[in-house]
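# Structural overview
Now for the letters of each chain:
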Amino acid sequence: MTADDRVLLVIGSGLRVYREYLIESAARRAAELDLKLVLINNLKPTWQQDYFDEITVVNVFDHEALRAAAREIAGRREVVGLFCYDEPLVMPSAELAAEFGVPGLGPDGVQGCRDKHRTRSMLTAAGLPQPGFELTDTLEQARGTAARIGYPVVVKPRALGASMGVVLAEDESQLEQAYLIASNASLVGDEPFRGGAIVEGYADGPEISVDGVVHQGEYRVMFVARKETGHYPYFEEIGHVVDAADPLLADQELIDVLTKAHEVIGVENGLTHTEVKLTSYGPVIIEINGRLGGDLIPFLGRIATGIDPGELLVEVASGHRPDTGFTQHGVAGIRFGYPTEDVTVHEVRVPEGLPGLVTASPMVEPGTELRLPPGGYLARHSFVVCSGEDRDACEERLAAAVAAVGLDAEPLERKDVAARLEMPAGLLDVDE
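Below or above, wherever it landed, is the structure these notes cover. It should be emphasised that the depicted structure is a prediction, and the values quoted were computed from it without experimental measurement.

By size, the foremost hydrophobic cluster in this structure holds 61 residues, and its most contacted members are Leu37, Phe83 and Leu271. Among the elements that line this core, the one with the most residues is helix α1 (residues 16–32), at 7 residues. Leu9, Ile40, Ala97 and Ala261 belong to the second largest nonpolar core, which has 42 residues in total.

What follows is the structure, given as structure tokens:
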């Protein structure tokens, strides 16, 4: 094999609107390191052709087919690393990295991230602050757990993302519906995690997410996003703001909790996305995801701090210790447009030329049905990204931009809570 045969495998490209900026940066950094990017994807390539040296199309969700495709490539090219940011594919990607002997999160590390019950158990055993919790298989068991923990409780699937099926129950009268929704939502996830739900104490406080990088077990924070949720009693993520001057970046208690949690979970190499509640008794980790954030949070981080997560994906995957120093000091945020009811979309119009507007885009095609929780999730018709000199200015610009989005839509009949949840096609590649 020649130098031209040294490649990084990329498992799944994601949607263009969410992930092209990462691939563009990754391809540039790979070229600087004399590496080629090779993609294994489930869809016929379109925009991806500009960035990859080779593309194999296979059903990546058939893990045996994915492994066979990766092994075929490894048989004729030198695979020096691989990366993946698609939640359902992080486990087979970690297994392939281990098989090929290249840097990766590690199968144990990914398992600790994917299985929320395992995460809770490991962090609790390590003495980190965690709410009371139990994995329940029946409504009767859930009732007993909630009574023991004390209301309010959060009921959630064991291994989904993007807050799908996560419901707050403030008292026993709300628990049955919450359990039904969470258990039903779990049925769209991976086979080992279907059915039942985790019941856990509600961690009261502001919620943030932290994107970080792990190199040979060393964890470092890249940037913090302040999260905005809505659609009570659900936890739909409707916006995020990243501030390079966020005081949490220097909060040693938070950094210590994040560092210890990654050690406990056993993450080896890669980028992670951790969700944290800032409670009165300290930072509480809600979950750790074995991939960088969705919802364009890494794009916000790049605008605000200058850290380029696409470049870091390449560096960590190829065994280099990445530089996480800031080269910019700004603020950037995203806000998603949601309908006020279940609708069929006819047209979405996004603004142009507003102060601080970085980009804006429709997220669905005409004819798409959008259903709010619990009948559906991620019912987003658009997004706007803005920057500002400080957080208040950024928030004001986001509010003005999202108010300028135009939606023509027709109301739909509301679904019963017991119905199987629906999501617009392709929208799994978000802040899972």
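You can see Asp211 is positioned in strand β9 (residues 207–215). No salt bridge is formed by the buried Asp211, whose closest oppositely charged neighbour, Arg291, lies at an N-O distance of 6.9 Å. Among the polar contacts made by the side chain of Asp211, one reaches the main-chain amide nitrogen of Gly293 at a distance of 2.9 Å. With sequence-adjacent residues up to four places away left out, Asp211 is seen in contact with Val221, Met222, Phe223, Thr272, His273, Leu292, Gly293, Ile297 and Pro298.

Strand order in the open sheet formed by 4 strands is β5-β8-β6-β7, and the pairing between neighbours is antiparallel. The two strands at the open ends of the sheet, each matched to only one other strand, are β5 (133–136) and β7 (167–169). Averaged over all adjacent pairs, the angle separating strand axes in this sheet is 25°, with direction ignored. Pairing geometry for strand β6 (residues 153–156) and β7, over 3 bridges, is antiparallel. Paired with Val153 across the two strands is Ala169, which belongs to β7.

Counted by the stated rule, this structure contains 3 aromatic pairs. Ring geometry for Trp47 against Tyr51: centres 6.3 Å apart, planes inclined by 65°, an arrangement best described as edge-to-face. The exposure class assigned to Trp47 is buried, which follows from its relative accessible area of 8%. Residue classification places Tyr51 among the buried residues on the basis of a relative accessible area of 19%. The aromatic ring of Phe336 is capped on one face by Arg380, whose charged end is 3.7 Å from the ring centroid.

Glancing now at unusual backbone geometry. Geometrically, the link from Tyr151 to Pro152 is a cis peptide bond, its omega value of 0° lying close to zero. Topologically, Pro152 is positioned in the loop between α6 (139–149) and β6. One non-glycine residue, Gln216, lies in the positive phi region at around 50°. Looking at the secondary structure, you find Gln216 in the loop between β9 and β10 (218–230). The phi dihedral of Asp295 falls on the positive side, at around 55°, and the residue is not glycine. Summarising the element assignment, Asp295 is placed in the loop between β13 (282–289) and α9 (297–305). Its relative accessible area of 0% is what places Asp295 among the buried residues.

This part is about the sheet that holds strand β16 (residues 357–362). Strand order in the open sheet formed by 8 strands is β13-β12-β9-β10-β11-β14-β18-β16, with antiparallel pairing between adjacent strands. A strand with exactly one partner marks an edge of an open sheet, and here the two such strands are β13 and β16. Across this sheet, the average inter-strand angle for adjacent strands is 25°, counted without regard to direction. Sheet topology note: the β9/β10 ladder contains 8 bridges and is antiparallel. From the neighbouring strand, Val213 faces β10, where its bridge partner is Arg220. Where helix α10 (residues 309–317) meets the sheet, its contacts fall on β9, β10 and β12 (270–279), and the angle it forms with β12 comes to roughly 120°.

The rules behind these values
- Residues numbered from 1 in each chain as written.
- Predicted model: local features only at pLDDT ≥ 70, side-chain atom pairs only at ≥ 80, totals over all residues.
- Heavy atoms only, no water.
- Core = buried A, V, L, I, M, F, W, Y, C linked by side-chain atoms within 4.5 Å.
- Buried < 20%, exposed > 50% of the residue type's maximum accessible area, 1.4 Å probe, protein only.
- Helix = DSSP H or I, 4+ residues; strand = E, 2+ residues; numbered from the N terminus.
- Lys, Arg positive; Asp, Glu negative; His and termini not counted.
- Salt bridge = Lys/Arg side-chain N within 4 Å of Asp/Glu carboxyl O.
- Polar contact = N/O pair within 3.5 Å; in protein donor to acceptor, adjacent residues only side chain to side chain.
- Contact = heavy atoms within 4.5 Å.
- Pairing = 2+ DSSP bridges.
- Axes fitted to C-alpha atoms, helices over the stretch in contact; angles between N-to-C directions.
- Phe/Tyr/Trp six-rings, centres within 6.5 Å; stacked < 30°, edge-to-face > 60°.
- Lys NZ or Arg CZ within 6 Å of the ring centre and 35° of its normal.

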